[in-house]
Amino acid sequence: MSGGTFVGMPAFPEAAREAVGDRTLRANLRHATHTIRDKRARAVAELADWAELREAGKRIKDHTLRHLDRYLVQLEESVVRAGGTVHWAVDADEANRIVADLVKATGETEVVKVKSMATQEIGLNEALEAEGIHAYETDLAELIVQLGEDRPSHILVPAIHRNRAEIRDIFREKMGSWGRPAPEGLNDVPAELAEAARLHLREKFLRAKVGVSGANFMVAETGTLVVVESEGNGRMCLTLPETLISVVGIEKVVPAWRDLEVFLQTLPRSSTAERMNPYTSMWTGTTGQDGPSAFHLVLLDNGRTDTLADEVGRQALRCIRCSACLNVCPVYERAGGHAYGSVYPGPIGAILSPQLRGTGSEIDASLPYASSLCGACYEVCPVAIDIPEVLVHLRERVVQGGEVTRRGVKVTLKPAKGHAAERAAMRAAGLAFARPGALRLGQRLASRTRRLHPRTLPGPGRAWSATRNLPKVPAEPFRDWWQRTHGGTTEGNGK
């Protein structure tokens with residue numbers, strides 16, 4: 001992985017075409033996403049004030065993003081006052097260098113990790129490996145992905161593309177080379193798979209001197225970090241090692257302790273369909289008596305400040321990584337997460353990755369089109385991110401080019417290749433809609449020549465019409481029908 005992009009990945013349409021042909025993958029995804037979203041719907045329905053909580057989460061996030069500079073400074077002061085050390089990383093390379101140097105300073109060559117999207121985004125495991133440091137994933141799904149030399153395909157359930165039989169085979173074949181081997185005769189019963197993982201990981205928890213985590217939230221007024229999880233592995237990583245290093249995106253800060261009340265209700269219901277997370281771990285600096293004796297917080301930018309500069313696109317930074325949008329997306333359900341070429345798959349990945357990384361690559365230029373714009377993602381988002389709006393906004397950027405901010409500098413993007421016909425069609429439509437006479441003439445001409453219209457579009461439009469029926473042009477334009485039936489008046493009664 002490089003810069004958050006899976007090396008060698010093609011653009012989304014090509015990757016998705018291959019994934020859709022995998023029947024096992026489609027069956028795994030369909031079963032998992034339908035199960036999760038049905039449970040989520042029931043959990044959300046239990047709260048009569050869900051709409052109010054959703055609006056509150058949106059407003060808290062928007063307020064924080066508007067004043068992010070102030071809250072980040074307050075967070076740093078609070079963490080330092082509590083005995084922690086704060087490091088600022090402008091990009092992935094700087095963050096990886098900071099973490100590697102901190103681990104090497106301890107003299108250790110192993111770390112245990114809590115599931116973290118931020119560390120996946122920067123490719124931390126690979127960077128540590130290059131420095132002779134081995135990072136062990138301890139989340140069950142992340143363990144499956146790591147042992148299988150695979151890539152995560154879901155924000156919440158990284159191994160959602162695997163079924164129980166595949167997981168059993170991975171454990172049997174790979175566990176022994178990473179530590180304690182799988183028990184003899186291991187079958188695919190979920191409880192036995194979980195027990196095999198527990199035994200395998202327990203020795204790593206007890207041996208590790210350094211833990212690496214992310215955080216779901218950071219509280220500016222107290223310097224408190226919060227990790228919510230379902231397995232307990234996170235708490236082991238956060239409390240047993242002598243040194244704890246947390247890599248967190250700068251957008252994860254919230255102003256005050258009371259703000260957690262909203263998110264600790266909406267996040268578990270939207271992600272795991274639980275009323276509350278089984279494990280909610282909070283820590284503030286160091287105590288000198290319990291937990292790690294050294295705490296380091298690495299605040300990660302890596303494109304977030306540039307995203308914040310976009311008035312439409314910045315709402316993506318509200319995301320609390322619940323994955324609800326993935327579970328309702330018809331495109332994700334069929335294509336899977338790997339097709340997105342990023343650690344952030346699904347609808348949120350289609351708007352977040354092109355902003356964090358830019359739209360210069362073939363992958364990132366294609367992601368805003370990885371959607372049917374059905375709006376289901378917006379309906380379930382617990383912080384009301386209007387993902388379809390941002391998708392359309394990013395499509396415009398890809399097609400038209402224009403100015404964006406990168407590292408605080410205005411950069412002019414050239415229009416993407418392959419969209420010449422689309423740009424020409426939009427310009428023609430703009431000219432016609434601005435001239436009522438020309439629009440009326442065009443409508444009449446289209447109606448009178450409708451018998452000659454092709455069944456499919458030519459050129460670049462062929463891919464679109466290959467799976468859709470072109471709408472039939474009516475025999476009479478609406479304007480002519482209205483004039484004939486209503487005498488040219490604007491009132492339905494003919495007066």
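Conventions adopted
- Residues numbered from 1 in each chain as written.
- Predicted model: local features only at pLDDT ≥ 70, side-chain atom pairs only at ≥ 80, totals over all residues.
- Heavy atoms only, no water.
- Patch = residues over 30% accessible without salt bridge, like charges linked within 9 Å, V, L, I, M, F, W, Y side chains within 5 Å.
- Areas by Shrake-Rupley, 256 points an atom, 1.4 Å probe, with all protein chains shown as cover.
- Salt bridge = Lys/Arg side-chain N within 4 Å of Asp/Glu carboxyl O.
- Lys, Arg positive; Asp, Glu negative; His and termini not counted.
- Charge placed at Lys NZ, Arg CZ, Asp CG, Glu CD.
- Helix = DSSP H or I, 4+ residues; strand = E, 2+ residues; numbered from the N terminus.
- Buried < 20%, exposed > 50% of the residue type's maximum accessible area, 1.4 Å probe, protein only.
- Phe/Tyr/Trp six-rings, centres within 6.5 Å; stacked < 30°, edge-to-face > 60°.
- Lys NZ or Arg CZ within 6 Å of the ring centre and 35° of its normal.
- Axes fitted to C-alpha atoms, helices over the stretch in contact; angles between N-to-C directions.
- Contact = heavy atoms within 4.5 Å.
- Nonpolar A, V, L, I, M, F, W, Y, C, P; charged D, E, K, R; others polar.
- Pairing = 2+ DSSP bridges.

The protein appears in an unreviewed UniProt entry as Iron-sulfur cluster-binding protein from Streptomyces anatolicus.

S.K.: I'm lost on a positive patch on the surface in this one. Help?
M.R.: There is a patch of like positive charges on the surface, built from R450, R451, R455 and K472. Here R450 is to be found in the loop between α21 (436–448) and α22 (462–465). The partly exposed category is assigned to R450, whose relative accessible area is 35%.

S.K.: Looking at this model, I keep getting lost on the pattern of salt bridges. Mind explaining?
M.R.: A pair can form between side chains of opposite charge whenever their charged atoms are brought close. Applying the stated criterion across every chain, the model contains 20 salt bridges. Of the charged contacts in the structure, one is a salt bridge between R275 and E46, with a shortest N-O distance of 2.8 Å. Here R275, found in the loop between α12 (260–271) and β9 (279–284), pairs with E46, found in the loop between α2 (23–45) and α3 (50–66); they are 229 residues apart in sequence, far enough to count as distant. Residue E251 is joined to R304 by a salt bridge in which the shortest nitrogen-to-oxygen separation is 2.7 Å. With E251 in the loop between β7 (243–249) and β8 (253–254) and R304 in helix α13 (residues 304–308), the pair connects residues that are 53 residues apart, well separated along the chain. Judged on exposure class, the residue E251 and its partner R304 are both buried. The network of salt bridges with shared partners includes E121, E251, R304 and R321.

S.K.: Any chance you could explain the packing of aromatic side chains here in plain terms?
M.R.: The description of two aromatic rings rests on the distance between their centres and on the angle between their planes. If you walk through the whole model with that rule in mind, you get eight aromatic pairs. Each residue in the set F12, Y332 and Y340 is aromatic and connected to the rest through ring pairs, giving one cluster. Note that R54 overlies the ring of Y378, its terminal NZ or CZ placed 5.0 Å from the centroid. One Lys or Arg, R70, reaches over the ring of Y71 and ends 4.6 Å from the middle of that ring.

S.K.: Looking at this model, I keep getting lost on the packing of α2 against α12. Mind explaining?
M.R.: Packed helix pairs are characterised by how far apart their axes lie and by the angle those axes make with each other. At a minimum axis distance of 7 Å, the contact between α2 and α12 shows a crossing angle of 145°. From α2, I36, R40, A43 and V44 reach across to α12, where they touch R269, S270 and S271. For the contact of α2 with α12, the per-class residue count stands at three nonpolar, two polar and two charged.

S.K.: It is not clear to me how the pairing of strand β6 (residues 224–229) should be interpreted in this structure. Could you clarify?
M.R.: Every other side chain in a regular strand lies on the same face of the sheet, so the side chains alternate between the two faces. Of all six residues making up β6, six are buried, and the element is well covered by its neighbours. What you see with β6 is no split at all: T224, V226 and V228 on one side and L225, V227 and E229 on the other are buried throughout. As paired elements, strand β5 (residues 217–219) and β6 share three bridges and run antiparallel to each other. Across the sheet, F217 pairs through a bridge with V226, a residue of β6. In sequence, β5 turns back onto β6 through a hairpin of four residues, with G223 there showing a positive phi of about 80°. Here β6 pairs with β9 via six bridges, running antiparallel. Bridge pairing in β9 links T224 to T284.

S.K.: What is the right way to read the sheet that holds strand β2 (residues 110–113) from this model?
M.R.: Across a sheet, strands are paired by hydrogen bonds formed along the backbone, either parallel or antiparallel in direction. The strand order across the open sheet built from six strands is β1-β10-β7-β4-β2-β3, with neighbouring strands paired in parallel fashion. In the strand order of this sheet, the two ends are held by β1 (85–89) and β3 (134–137), each with one partner. Across the sheet, the axes of successive neighbouring strands diverge by a mean angle of 25°, strand direction being ignored. Lying over the sheet, helix α4 (residues 68–81) contacts β1 and β10 (294–300), oriented at roughly 145° with respect to β1.

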